[in-house]
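Structural description and commentary
Residues per chain, in single letters:
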Amino acid sequence: MSDKNSYWKSNLKLVAICMVIWFIVSYLFGIILVEPLNNIRIGGYKLGFWFAQQGSIYVFVVLIFFYANRMAKLDKKHGVEEDE
Amino acid sequence: MELQTLTYLVVGATFALYIGIAIWARAGSTKEFYVAGGGVHPVANGMATAADWMSAASFISMAGLIAFMGYGGSVFLMGWTGGYVLLAMLLAPYLRKFGKFTVPEFIGDRYYSKAARIVAVICLIIASVTYVIGQMKGIGVAFSRFLEVDYNVGLSIGMGIVFFYAVMGGMKGITYTQIAQYCVLILAYTIPAIFISLSLTGNPLPQIGLGSTMTGSDVFLLDRLDAVLTDLGFADYTTNARLSLTNMFMYTMSLMIGTAGLPHVIIRFFTVPKVKDARTSAGWALVFIAILYTTAPSVAAMARLNLIETIEPSPGEYMVYEQRPDWIRNWETTGLLAFEDKNGDGRIQYTSDAATNEMVKVDRDIMVLANPEIAGLPNWVIALVAAGGLAAALSTAAGLLLAISSAISHDLLKGVFKPNISEKQELLASRIAMAGAIAVAGYLGFNPPDFAAGTVALAFGLAASSIFPALMMGIFYKRMNKEGAIAGMLAGITVTLLYVFQHKGIMFIPSTSFLGDMSENWFFGIEPNAFGAVGAIFNFAIAMIVSRVTQAPPEHIQHLVEDIRVPAGATGAVSH
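Residues numbered from 1 in each chain as written. Chains lettered and ligands numbered in written order. Predicted model: local features only at pLDDT ≥ 70, side-chain atom pairs only at ≥ 80, totals over all residues.

Observations concerning the overall build of chain A
Short version of the rule: For helices the rule is a DSSP run of H or I covering at least 4 residues; for strands it is a run of E covering at least 2, with both sets numbered from the N terminus onward. All radius of gyration figures rest on C-alpha atoms, and the globule criterion is 2.2 Å times the number of residues raised to 0.38. The burial label depends on the number of other C-beta atoms within 10 Å of a residue's C-beta. Counts of 20 or more mean buried, 12 or fewer mean exposed, and intermediate counts mean partly exposed, with C-beta atoms placed from the backbone. Any two residues are considered in contact once their C-beta atoms, placed from the backbone, lie within 7 Å.
Within chain A, the secondary structure is distributed over 3 helices and 2 strands. Relative to its length of 84 residues, chain A is extended, with a C-alpha radius of gyration of 17 Å against a globular reference of 12 Å. Each principal axis of the C-alpha distribution contributes one length, and for chain A these read about 55 × 25 × 10 Å. Within chain A, the fraction of its 84 residues that count as buried is 37%. Counting contacts in chain A only where the partners sit at least 6 residues apart, residues at least 24 apart contribute 53% of the total.

What follows is the structure in C-alpha cells.
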C-alpha cells in the first residue's frame, strides 16, 4: 500500500514538472511574453511567433515521450507494471 | 487529363480503398464494433487517432483561418496539439486501466450514479453534434467545389455519403480505414506545401521555408507578407493578436482541455493493449498530428501571399475581372467566393476598407482547397487535395457518429433504460442514432454558426466545460462524489451553452440570438468560441464546493480510484 502511495506521489511530481514546461512554451512564450520575445529573431521568424506556431508543438511531442518513458521506469521501480 | 475527371478518379479510388477495407473488416459483434478487440499497436493506434482527430477543421479550415488571422490563428495550433499533453498525463492511461467501453460508462461507475451517466451522455451528445456540424460545413465545401455545384447541394450529397460510410463499419473497420485515410490526407496536405515552399523560398521543408527569404531576394517571406498587408491597410501578419491576449489565452485553454474531453478521441485509448501503450499512443498520435500542424502555418502564410499576388500582380496593378483564372470561376459557382466591381473599372481591388474592397466574399474554408490552384500546381496535386480533405472530414465524422451512437445505444438504452436489450437490437439502435445525428448536424450545417474550425472550436468549449473536469477529478480527487460531479457538469455546460447561444443563437440559428452577437457584451472580451475555459472553471469550482458539503463517496469507490491509478492488473475492455 505504501509503495502504491509513493508511486502515486512520484507520478504527481513528474506530471507537475511536465505541466510547468507545457505552460511555459505555449501560454508564457506563445502568448503572455509574445511581444518582448518578438524582438528576438531566428531567421525570418520572430521568436514569440515561432513558439506560438511551431516551437510549442515540437516541445509537446518531446514532453509526452519523456513522460511515457519516465513512467515506464517508475512502474518497474515500484513493481506496479502490467504482466508481459 | 482534365481536372474534374482527374478529381473524380482520385477521390473515387481513395473511397474504394476505404470502403474495401471497411467491408473486409466488417464488424461482427458489438465488442468489435466499439473497440476493435483491444488489440491495436500504439503506432497504428496513434496514426488512426491522428486521422480521427484531424478533421475538416484541421485540414480544410484551419490554415485558411490562420491565413486571415495571422498570429491570432496560433490558438488553433497550440490548442489542438497541447491537449494531447493533458490527455497523455491526466486521462488516457487511467481510463485504459479502468477498461470499459465509453466515457459515460466511466463517469457512471466512478460516480456510482445513473444520473451522472445520463448527464455525461447529454453533454457528450451536445458537444459531438456541434462538432459534426463543423464537419458538415467542410464536407459541403469540398463536395461543392469538386462537383462544381452550389454549397447547399454539395452539403446534401455529402450527408448521404457520410451516412453510408459511418453505418458500414464499426471501430475495427474504422481503425484500419483511418490508417489509410491518414496516409492520404497527410500526403495531400504536405505535397502542395512542399511545392509552394520550394517555389517561394527555395526550401522544400515548409517549416523552414516559412522562416526563410524569398527566392531571388534577401527579404524574409514573413517580412514581405507583413509589408504587403500593411500596404493594403490590414494588420501585421506576425503580431496581430486575436482580439486580446486574454482572449487568446482562454481560447487556447478551451481547445486544449476540450481535446482531452472529447469522447471520440478518448475512446481511442481504450483500444490499446496496455496502460503503458496508452501513454505512448498519445505521443504517436501527436507526432502524426504535428506533421500537419507544423506545416499549416506555412500553408496559411504562403496562401495569403499568393492570393494577394493573384489579385494584385504588381503594386497598383489589379487583376482584370474578365481575365480571372479558372479557379476563381469555379469557386464562384459554389457561392463561397464573390467579387463586386464597385468602381466599375473592370478590375478587382482588394483592400481592408469595406467600402472599396471588391473581393466581397472569401469563405476561409476554401483557402486550403484552392491553395494548389492559386499556386498553379499540376492537376494531380489539386485532385489529391480534394481527396485528402474528404478523407479528413469523413474519418472524423465517422468517429464522432460512432461516439454519439454508442452513447445512445450503449449508455442510455442498454446501460439505463433497457438492460436486457439484445446485441442485434443494440446495433440497430446505434445505427438509427447515427442517421438521426447526421440529419440534425446536416440541417444545421446549411447555416453553420462559424467557419468549420470556428464551429469545431465551439464543440471543444462544450466538451471542455463538461466532460474534462468530471474525468480529471474522478481520477485525481478521491473525495469527489456524485453530487459534486453532477452539479459541476451541469453548471459548466449550462454557463457555456447560455453564453454561446446568447451570442450565436439557440441551436446556432442566428435569428434566435436573444441579445445579438455583440462583442461589447462579451465577458472580459472573451468570444463565445473561447468560453469553454470559463465554463470549465465554473465546473471545477461548483463541483468542489458541492462535494465538500455532501457525503464522501463510498469506500469501494475510493478503492476503485486507487486501483485505476496503478497499471498493474489491467484487463482488456470487457463486455458486462
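What follows picks up the thread again.
A look at the overall build of chain B
The number of helices and strands found in chain B is 22 helices and 4 strands. Rg of the C-alpha trace for chain B: 24 Å, near the compact-globule value of 25 Å for 576 residues, within the 12% margin. Principal-axis analysis of the C-alpha atoms places the extent of chain B at approximately 75 × 50 × 45 Å. In chain B, which comprises 576 residues, the share counted as buried stands at 60%. Sequence-distant contacts, at least 24 apart, represent 81% of the contacts inside chain B between residues at least 6 apart.

Focus: the interface of chain B and chain A
Basically, it comes down to this: In this count, Pro and Cys sit with the nonpolar residues alongside Ala, Val, Leu, Ile, Met, Phe, Trp and Tyr, while Asp, Glu, Lys and Arg are called charged and the others, Gly among them, polar.
Contacts between chain B and chain A engage 43 residues on the former and 36 residues on the latter. Of all the secondary-structure elements, those providing two or more residues to the side of chain B that touches chain A are α5 (74-98), α11 (221-231), α12 (245-259) and α14 (275-311) of chain B. When residues of the side of chain B that touches chain A are assigned to their parent elements, the largest contribution, 12 residues, is made by α14(B). Here the residues of the side of chain B that touches chain A sort into 24 nonpolar, 13 polar and 6 charged.

Comments concerning the confidence of the model for chain B
Our working definition: Each residue carries a pLDDT score, the predictor's confidence in it, ranging from 0 to 100.
When pLDDT is averaged along chain B, the result is 87; 92% of the residues meet or exceed 70. Model confidence for the complex: the whole-complex pTM is 0.92, and ipTM, which rates the interface, is 0.96.

With respect to the packing of helix α4 (residues 56-69) of chain B against helix α16 (residues 367-374) of chain B
Residue and element names in this part refer to chain B. Inclusion rule: To get an axis, fit a line to the C-alpha atoms, keeping to the stretch in contact for a helix; angles then go from 0 to 180 degrees between the N-to-C directions. With respect to orientation, any angle under 35 degrees is reported as roughly parallel, any angle over 145 as roughly antiparallel, any angle of 65 to 115 as roughly perpendicular, and every other angle as oblique.
With their axes 7 Å apart at the nearest point, α4 and α16 run at an angle of 75° to one another. For the element pair α4 / α16, the angle class is roughly perpendicular. Between α4 and α16, the contacting residues are F59, I60, A63, G64 and A67 on the first element and M367, V368 and L369 on the second.

With respect to α16(B)
Residue and element names in this part refer to chain B. With 8 of its 8 residues buried, α16 lies for the most part within the structure. Of the residues making up α16, those classed as buried are M367, V368, L369, A370, N371, P372, E373 and I374. Just past α16, the residue G376 takes up positive phi, approximately 70°.

A short note on the packing of α5(B) against helix α19 (residues 452-476) of chain B
Residues and elements named next belong to chain B. Let me state the cut-off plainly: Note: crossing handedness is left-handed where the near helix turns anticlockwise from the far helix by less than a right angle, and right-handed where it turns clockwise.
The interhelical angle for the contact between α5 and α19, taken along N-to-C directions, is 25°, at an axis separation of 12 Å. With respect to each other, α5 and α19 are oriented roughly parallel. Helix-helix and strand crossings are classified by hand; for α5 and α19 the assignment is left-handed. Where α5 abuts α19, its residues F76, L90, L91 and Y94 lie against A453, L471, M472 and I475. Considered class by class, the residues forming the contact of α5 with α19 number 8 nonpolar, no polar and no charged.

Let's talk about the nonpolar core
Short version of the rule: A set of buried residues qualifies as a nonpolar core if it consists of Ala, Val, Leu, Ile, Met, Phe, Trp, Tyr and Cys joined through C-beta atoms within 7 Å.
Of all hydrophobic cores here, the largest spans 213 residues; its most connected members are A120(B), L185(B) and L401(B). Contacts of A120(B), omitting those with residues within four sequence positions, involve V103(B), P104(B), I107(B), I467(B), A470(B) and M489(B).

With respect to helix α20 (residues 482-504) of chain B
Defined as follows: Expected span, for any helix, means 1.5 Å times one less than how many residues it has.
Between its first and last C-alpha, α20(B) extends 32 Å over 23 residues, near the 33 Å set by a 1.5 Å rise per residue. Once α20(B) ends, the next one or two residues include G505(B), with phi positive near 100°.

Quick notes on the environment of I526(B)
Tracing the backbone through its elements, the reader meets I526(B) in the loop between α20 and α21 (532-549). When sequence neighbours within four positions are dropped, the list of residues in contact with I526(B) reads T246(B), N247(B), M250(B), F531(B) and V534(B).

What to know about unusual backbone geometry
A positive phi angle is found at Y112(B), which is not glycine, with a value near 35°. With respect to the helices and strands, Y112(B) occurs in the loop between α6 (103-110) and α7 (114-146).

Section: the environment of A227(B)
Among the structural elements, A227(B) can be located in helix α11. Each C-alpha atom of the pair A227(B) and Y237(B) lies 8.9 Å from the other, and the pair is 10 residues apart in sequence.

A look at the environment of I486(B)
Residues and elements named next belong to chain B. Along the chain, the position of I486 falls in helix α20. C-beta crowding within 10 Å serves as the criterion here: with 23 such atoms nearby, I486 is assigned to the buried category. Put simply, I486 and K361 are 125 residues apart on the chain and 44 Å apart in space, counted from C-alpha to C-alpha.

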